[in-house]
Amino acid sequence: MKDTVPNQPANNEMASEYKVDGPFLGALKRDLLLSYRRKSDLVNPLIFFLMVATLFPLGVSPDPGFLAEVAPGVVWVAALLATLLSMDSLFRSDFEDGTLEQMLLSPQPLYMVVLAKVLAHWMLTGLPLTLLAPLLGVMLFLPADGMSGLVISLLLGTPTLSLVGAIGAALTVGLRKGGVLISLLVLPLYIPVLIFGSAAVQGAVTGLPLGGYFAILGAMLSLGLVMAPLAIGAALRISVSG
Amino acid sequence: MADKKWMPRWFYQLASPRWCYDITGKLLPFFAIAAVVMLVAGAVWALVFAPADYQQGNSFRIIYIHVPASILAQSCYMLMAVAGAIGLIWKMKVADMVAKSCAPIGATIAILSLATGAIWGKPTWGSWWVWDARLTSMLILFFLYLGIIALNSAIENAQTAAQSTAVLALVGLVNIPIIKYSVDWWNTLHQPATFTLTERPAMPSEMWVPLLVMVIGFYCFFAVAMMLRLRNEIIQRERRSSWVRDLITG
Amino acid sequence: MSFESFAEFIDMGGHGLYVWLSYAIALVVIVSNIVNPLMHKRQIFIEQARRLRREKPKS
């Protein structure tokens with residue numbers, strides 16, 4: 001009987017030879033590989049991040065005291081805008097070549113696939129932004145005490161930005177000019193992260209205990225991890241079927 | 001279809017655009033009369049009979065517009081999100097139309113709340129705009145409304161537009177308490193213990209009774225405005241059906 | 001009555017501009033929210049009636 005069961009690997013050895021990743025790892029690897037092949041998309045948000053931060057001393061004042069005061073807010077706003085800028089391309093190419101439809105039709109849990117795509121997006125924008133942030137901090141005369149707060153708050157905050165932004169990207173993926181619309185939909189939702197993120201940096205500069213800020217940023221991240229993929233999945237289904 | 005009897009009958013009737021058109025037509029005059037009576041009585045009471053505040057003087061009378069508008073703008077968002085959720089879950093066209101009708105009204109009411117808050121700020125704080133926690137939260141709520149209206153008008157297919165905005169409204173609904181909390185917290189951090197507009201110790205009854213009348217009047221006004229928009233929406237989407245044709249020719 | 005005369009009522013203790021401006025804006029918002037859908041409805045009816053006339057040939 002056992003031999004006649006269809007779709008069963010002949011033996012374990014063969015199965016291990018053609019090892020297939022789960023939906024999460026598979027989607028993650030695929031997205032990372034695709035982005036790696038298009039390096040310009042990878043670098044553009046970082047350049048944008050750097051440029052926005054350069055505009056502030058030019059536009060307002062190069063005075064170190066003043067810059068040090070506004071640095072936490074400026075770095076956070078720049079990170080937020082850079083994340084937003086890269087959001088539009090998250091589902092766009094998959095939608096255009098039909099991959100997205102296959103993903104929705106496949107029996108794999110959409111939740112995992114979506115989470116993997118967002119994680120890949122964060123690894124390619126949020127993480128480099130976080131690593132680049134100390135450089136901006138130096139350029140804007142952020143006191144050295146603030147650096148740890150800056151990096152940790154960005155590390156906790158940027159994944160939330162990616163998760164929330166992905167909802168906007170999923171809602172607008174079927175539209176031809178989604179770019180500006182995403183900002184309109186998503187920016188109000190970014191405000192809590194901005195408030196607590198920049199407050200954490202400010203707190204680090206003044207030497208306040210930071211546990212509370214990080215706890216709140218972490219709480220927002222966990223809420224986002226649980227809820228956002230559901231909203232993203234629902235939004236993708238609506239956008240693709242419409 | 002008839003196996004789910006746990007919902008009251010009117011819930012299913014509500015799903016019928018025609019029934020909804022008829023019932024709103026019958027309800028409209030009552031709400032319109034109630035709104036006019038309440039708003040006129042409330043405004044006269046607020047402007048003429050209510051005592052002036054001992055601290056702010058007569059500029060206090062703006063509260064009778066500002067507070068009802070703020071409450072209504074928030075309730076309107078709730079209604080929009082709940083109607084959107086009903087539309088998503090039960091695929092009910094009327095619920096989608098209710099959600100769509102709510103957005104422009106809510107946005108204008110939010111503008112009213114912001115404008116009166118700013119005007120009130122001038123005699124109270126000496127400037128037209130102060131980054132007060134309540135005003136800032138209302139501004140963000142206004143942005144959320146704008147996002148929903150923009151998304152709804154960007155999508156051509158009516159059903160897709162309704163579903164997408166419903167998802168966005170629900171995401172916003174989850175976010176509103178978080179935004180409100182973080183803005184309150186941010187405000188205490190940056191301007192400790194400022195004088196807030198509407199948070200007052202016990203208000204005497206000659207002050208809050210007209211306020212209550214105004215709040216109810218605003219709700220009645222909202223019901224009228226929403227039903228008018230809903231009826232337009234129903235006619236427009238059902239324009240191919242025979243009953244709408246009879247309505248137009250007859 | 002918390003005012004002695006009509007002039008005092010208009011003046012609102014020096015805050016007349018602010019109070020009346022607020023109430024005027026409220027009036028504009030409320031009226032426009034009622035008038036707008038009513039005008040829209042008339043427009044829909046005219047449009048649909050025209051469409052029906054066009055689609056139905058003269059009998």
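Fair warning: this is a prediction, and the values are worked out from it, not measured in the lab.

Description of the interface of chain C and chain B
Then step 1. At the junction of the two partners, chain C supplies 31 residues and chain B supplies 42 residues.
Then step 2. For the pair chain C and chain B, the summed buried area comes to about 3,300 Å², and 72% of that belongs to carbon and sulfur atoms.
Then step 3. In this structure, the connection of chain C to chain B is made through 1 salt bridge.
Then step 4. Among the salt bridges present, the one from C:E55 reaches B:R240, with a minimum N-O distance of 3.7 Å.
Then step 5. One can count 6 residue pairs in polar contact (both at pLDDT 80 or more) joining chain C with chain B.
Then step 6. Tallying contributions element by element places helix α2 (residues 16–55) of chain C first for the side of chain C that touches chain B, with 24 residues.
Then step 7. Classifying every residue of the side of chain C that touches chain B by side-chain character gives 20 nonpolar, 8 polar and 3 charged.

Regarding the environment of A:R38
Then step 1. With respect to the helices and strands, A:R38 occurs in the loop between α2 (23–37) and α3 (39–59).
Then step 2. Placed 34 residues apart in sequence, A:R38 and A:P72 show a C-alpha to C-alpha distance of 31 Å.

Some thoughts on the pattern of salt bridges
Then step 1. Under the defined criterion, the tally for this structure stands at 10 salt bridges over all chains.
Then step 2. Sharing partners across several salt bridges, the network here consists of A:R30, A:D31, A:D94 and A:K117.

Some points on empty space enclosed by the protein
Then step 1. Scanning all chains against the criterion turns up 2 cavities of 30 Å³ or more.
Then step 2. By volume, the largest cavity amounts to about 70 Å³.
Then step 3. Considering the residues around the largest cavity, the lining is formed by B:M80, B:D96, B:A99, B:K100, B:A103, B:I148, B:N152, B:A162, B:T165, B:A166 and B:A169.
Then step 4. Elements supplying a minimum of two residues to the lining of the largest cavity: α4 (93–125), α5 (133–154) and α6 (158–190) of chain B.
Then step 5. Its residues placed into classes, the lining of the largest cavity shows 7 nonpolar, 2 polar and 2 charged.
Then step 6. In this structure, the second largest cavity encloses a volume near 50 Å³.
Then step 7. Lining the second largest cavity are A:L184, A:L185, A:P188, A:L189, B:Y77, B:F143, B:L144, B:G147, B:I148, B:L168 and B:G172.
Then step 8. Taken together, the elements giving at least two residues each to the lining of the second largest cavity come down to α10 (179–206) of chain A together with α5 and α6 of chain B.
Then step 9. Residue composition of the lining of the second largest cavity, by class: 9 nonpolar, 2 polar and no charged.

Parameters at a glance
Residues numbered from 1 in each chain as written. Chains lettered and ligands numbered in written order. Predicted model: local features only at pLDDT ≥ 70, side-chain atom pairs only at ≥ 80, totals over all residues. Heavy atoms only, no water. Contact = heavy atoms within 4.5 Å. Buried area = accessible area lost by both parts, 1.4 Å probe. Salt bridge = Lys/Arg side-chain N within 4 Å of Asp/Glu carboxyl O. Polar contact = N/O pair within 3.5 Å; in protein donor to acceptor, adjacent residues only side chain to side chain. Helix = DSSP H or I, 4+ residues; strand = E, 2+ residues; numbered from the N terminus. Nonpolar A, V, L, I, M, F, W, Y, C, P; charged D, E, K, R; others polar. 1 Å grid on protein atoms, 1.4 Å probe; cavity = no way out; pocket = protein on both sides within 12 Å on 5 of 7 lines; lining within 4 Å. Points joined across faces, edges and corners; volume = space filled by probe spheres on them.

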